Amino acid sequence: MGRYVNPFTDTGFKILFGQEPSKPLLIDFLNNLLEGEEKITDVTFLDKEKPRLYKKDRGLIYDILCETAKNDKIIVEMQNRSQEYFVERSIYYTSQAIARQGMKGEWDFNFHAVYFVAFMNFKLDELDEFSTDVELCDTKTHKVISHKMKYVYLQLPLFTKTEAECKTSFDRWIYIFKNMATLERIPWAPKDSIFSQLGKFAQISNLSESQRRKYDKDLKIYRDSVNVLNYAKKQGRDEGLAEGLAEGLAQ
């Protein structure tokens, strides 16, 4: 087992970004992610589980749901496995976060912005870059017509920078996040207080007894899912090779 928590586990992710003591880490990451667009001074963690609005409503469960000092909502998700309709799922989540701002009686639709940030430990066919930002815009001029909905998809397999190549704080955040489970030290921590704090929160030896139990359980689930996925990929490759060979012999 490594020195630091694996952020691809549910418990590890929430230790880094989803608890009150580590809130400065989330704020710093978001400010680097949204640099030039938004300056977040504080966030309030909201109940990640939203009750159903009516009998047949699905309800909602977010990984992390928080609110800025300006009352904008930020949804932060960590997803390990590719899934069909992932983009549509993110649209549904943001739409629900907007719709639930509606008040009874008169409402002028001047809702607060909703940001959806997805850490994706896989690649989607429809996205080609490591980081993809999506907003409502004119398809001809590309002029943004509303900043009230924003989606940021971070495809971690496409981030290939080495430690030496990470020049910005955002790159450093992603490098650490992607490689944390195998790091023996947190790069840049001696010169950057936020990464120094990150190292303290992320050390497995600093977890409470209850956190450690939850983390160990989540780590097993994560490793099992990775093994199942890798085996499925191997089977697919083997079957593809066998079919190709059979077709070649038939010809």
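The coordinates are above.
All figures in this text were calculated on a predicted structure; none of them were measured in a lab.

Student: I'd like to hear about the packing of helix H2 (residues 23-33) against helix H4 (residues 169-179), residue by residue, with values.
Tutor: Put simply, H2 and H4 touch, their axes get as near as 8 Å, and they point 125 degrees apart. On the basis of the axis angle, H2 is oblique to H4. Of the two possible hands of crossing, H2 and H4 adopt the one that is left-handed. Contacts between H2 and H4 involve Leu25, Asp28, Phe29, Asn32 and Leu33 from the former and Ser169, Phe170, Trp173 and Ile174 from the latter. Of the residues in the contact of H2 with H4, the class split is 6 nonpolar, 2 polar and 1 charged.

Student: So, the pattern of salt bridges: which residues are in play, and what are the values?
Tutor: Under the defined criterion, the tally for this structure stands at 13 salt bridges. Where Lys14 meets Asp10, a salt bridge forms, and the shortest distance between an N and an O atom there is 2.4 Å. With Lys14 and Asp10 both in helix H1 (residues 10-17) and 4 residues apart, this pair spans about one turn of that helix. For Lys14, a relative accessible area of 16% gives the class buried. Given the relative accessible area of 41%, Asp10 is considered partly exposed. Measuring nitrogen to oxygen at the nearest pair gives 2.9 Å for the salt bridge that ties Glu67 to Lys73. There is no split in this pair, since Glu67 and Lys73 are both buried. Among the ionic contacts, a cluster of salt bridges with common partners joins Glu37, Asp133, Glu135 and Lys150.

Student: So, the nonpolar core: which residues are in play, and what are the values?
Tutor: With 51 residues, the main nonpolar core has Phe17, Phe29, Phe119 and Leu154 as its most contacted residues. Setting aside residues up to four positions removed in sequence, Phe29 forms contacts with Phe17, Val117, Phe119, Leu154, Phe170, Trp173 and Ile174.

Student: Residues and numbers for the sheet that holds strand E1 (residues 43-45), please.
Tutor: Taken in spatial order, the 6 strands of this open sheet run E1-E4-E5-E6-E8-E7, and their pairing is mixed. For this open sheet the edge positions go to E1 and strand E7 (131-137), each flanked by a neighbour on one side alone. Between one strand axis and the next, the sheet turns by 20 degrees as a mean value, whatever way the strands run. Pairing geometry for strand E6 (residues 114-120) and strand E8 (residues 144-155), over 7 bridges, is parallel.

Analysis parameters
- Residues numbered from 1 in each chain as written.
- Predicted model: local features only at pLDDT ≥ 70, side-chain atom pairs only at ≥ 80, totals over all residues.
- Heavy atoms only, no water.
- Axes fitted to C-alpha atoms, helices over the stretch in contact; angles between N-to-C directions.
- Helix = DSSP H or I, 4+ residues; strand = E, 2+ residues; numbered from the N terminus.
- Parallel < 35°, antiparallel > 145°, perpendicular 65-115°, else oblique.
- Left-handed = near helix turned anticlockwise from the far one by under 90°.
- Contact = heavy atoms within 4.5 Å.
- Nonpolar A, V, L, I, M, F, W, Y, C, P; charged D, E, K, R; others polar.
- Salt bridge = Lys/Arg side-chain N within 4 Å of Asp/Glu carboxyl O.
- Buried < 20%, exposed > 50% of the residue type's maximum accessible area, 1.4 Å probe, protein only.
- Core = buried A, V, L, I, M, F, W, Y, C linked by side-chain atoms within 4.5 Å.
- Pairing = 2+ DSSP bridges.

By themselves, these observations are geometric and do not establish any function.
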